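Analysis of the macromolecular model
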Amino acid sequence: MACSDSMVTMNGTQVSYIGHDCEDIPEFLGERYGCLARRLDLSFNQLRSLTGLKAFTGLEELVVDNNLLGNDLQLPRLPTLHTLTLNKNQLTDIEALLEHLAEATPSLQYLSLLGNEACPNQLVSLDKDEDDYQRYRYFVLHKLPTLKFLDTRKVCKTEQQEAEARGAFMKVVKPKASDMVIKVDGRLSRRGSVAEHDSAGHRSDISQGCK
């Protein structure tokens, strides 16, 4: 696809390159706008890589919703980035993603992962419930304690405290097919995906986050 300035929308330090079906960030974007952009919107493309972000040295906000970014996502170090939205991509490995973000985006305060399998809510699967989603929030906040806003909700003090205390044990693990249904006292019972266990292997109750 031929790329040109006519496909770019710029408003002050906000640069948008939306809906052009590119799989990689075009080189001309970094060459012409990398030093100027503080907010970059690359939504509704076909992005599989973000390596072209190296030229955006002062980026503070990045929107890459509705792309094809997967578990091989690699961001350059973006020390001033405080807002990142990755909604509706193909991210499934939440732990690897969070560990990468902790290194690459040390100033991150706002993160949204809605519409990815890594974010267990009803946008992805109808068999997910609020407990699954709250566990995910605790785990994310444990890994990224500087976050002030996650998905559509502000992070409150009680969530931060719970994440610090038990977030390491809150990872939601996808069950094997053989674990989906078991028989307990003669009745069928579901297991696997929603149980959270403490370090001793016992199931713990999950509080419902901010009241």
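Identification of the chain as Leucine-rich melanocyte differentiation-associated protein from Salvelinus namaycush is taken from an unreviewed UniProt entry. Per UniProt, the chain carries the Function (unreviewed entry) text "Required for melanocyte differentiation."

The next subject is the packing of aromatic side chains. Considering all chains together, one arrives at three aromatic pairs under this definition. A centroid spacing of 6.1 Å and a plane angle of 75° characterise the contact between Tyr 17 and Phe 28, whose relative ring orientation is edge-to-face. Taken together, the residues Tyr 17 in the loop between β2 (14-16) and α1 (27-33) and Phe 28 in helix α1 connect sequence positions 11 residues apart. We note that Tyr 17, like Phe 28, is buried. Their ring planes at 20° and their centres at 5.3 Å tell us that Tyr 110 and Phe 149 sit as a pair that is stacked. Of the two residues, Tyr 110 is situated in strand β6 (residues 110-112) and Phe 149 in strand β7 (residues 149-150); the sequence distance between them amounts to 39 residues. Classification of Phe 149 as partly exposed rests on a relative accessible area of 28%.

Right, let's talk about the pattern of salt bridges for a bit. Tallied over the entire structure, the rule returns seven salt bridges. The partner of Lys 143 in a salt bridge is Glu 99, with the nearest N and O atoms 3.3 Å apart. Placement of Lys 143 in helix α3 (residues 130-143) and of Glu 99 in helix α2 (residues 94-104) is noted, with a sequence separation of 44 residues between them. A relative accessible area of 41% places Glu 99 in the partly exposed class. For Asp 132, the salt bridge is made with Arg 135, and the minimal N-O distance between the two is 3.9 Å. One end of the pair, Asp 132, and the other, Arg 135, are both in helix α3, three residues apart, so they sit about a helical turn from each other.

Right, let's talk about the environment of Thr 105 for a bit. Within the secondary structure, Thr 105 is located in the loop between α2 and β6. Sequence separation of Thr 105 and Pro 76 is 29 residues, and the distance between their C-alpha atoms is 8.7 Å. Once residues within four sequence positions are removed from consideration, Thr 105 is found in contact with Leu 75, Leu 78 and Leu 81.

Interhelical geometry of α2 versus α3 gives an angle of 30° and a closest axis separation of 9 Å. Classified by the angle between their axes, α2 and α3 sit roughly parallel to one another. As for the relative orientation of α2 and α3, their crossing is right-handed in sense. Only Tyr 136, Phe 139, Val 140 and Lys 143 of α3 make contact with α2, whose side of the interface consists of Ile 94, Glu 95, Leu 98, Glu 99 and Ala 102. Taken together, the residues of the contact of α2 with α3 break down into six nonpolar, no polar and three charged.

Calculation criteria
Residues numbered from 1 in each chain as written. Predicted model: local features only at pLDDT ≥ 70, side-chain atom pairs only at ≥ 80, totals over all residues. Heavy atoms only, no water. UniProt positions renumbered as here; feature names shortened; annotations may be inferred. Phe/Tyr/Trp six-rings, centres within 6.5 Å; stacked < 30°, edge-to-face > 60°. Helix = DSSP H or I, 4+ residues; strand = E, 2+ residues; numbered from the N terminus. Buried < 20%, exposed > 50% of the residue type's maximum accessible area, 1.4 Å probe, protein only. Salt bridge = Lys/Arg side-chain N within 4 Å of Asp/Glu carboxyl O. Contact = heavy atoms within 4.5 Å. Axes fitted to C-alpha atoms, helices over the stretch in contact; angles between N-to-C directions. Parallel < 35°, antiparallel > 145°, perpendicular 65-115°, else oblique. Left-handed = near helix turned anticlockwise from the far one by under 90°. Nonpolar A, V, L, I, M, F, W, Y, C, P; charged D, E, K, R; others polar.

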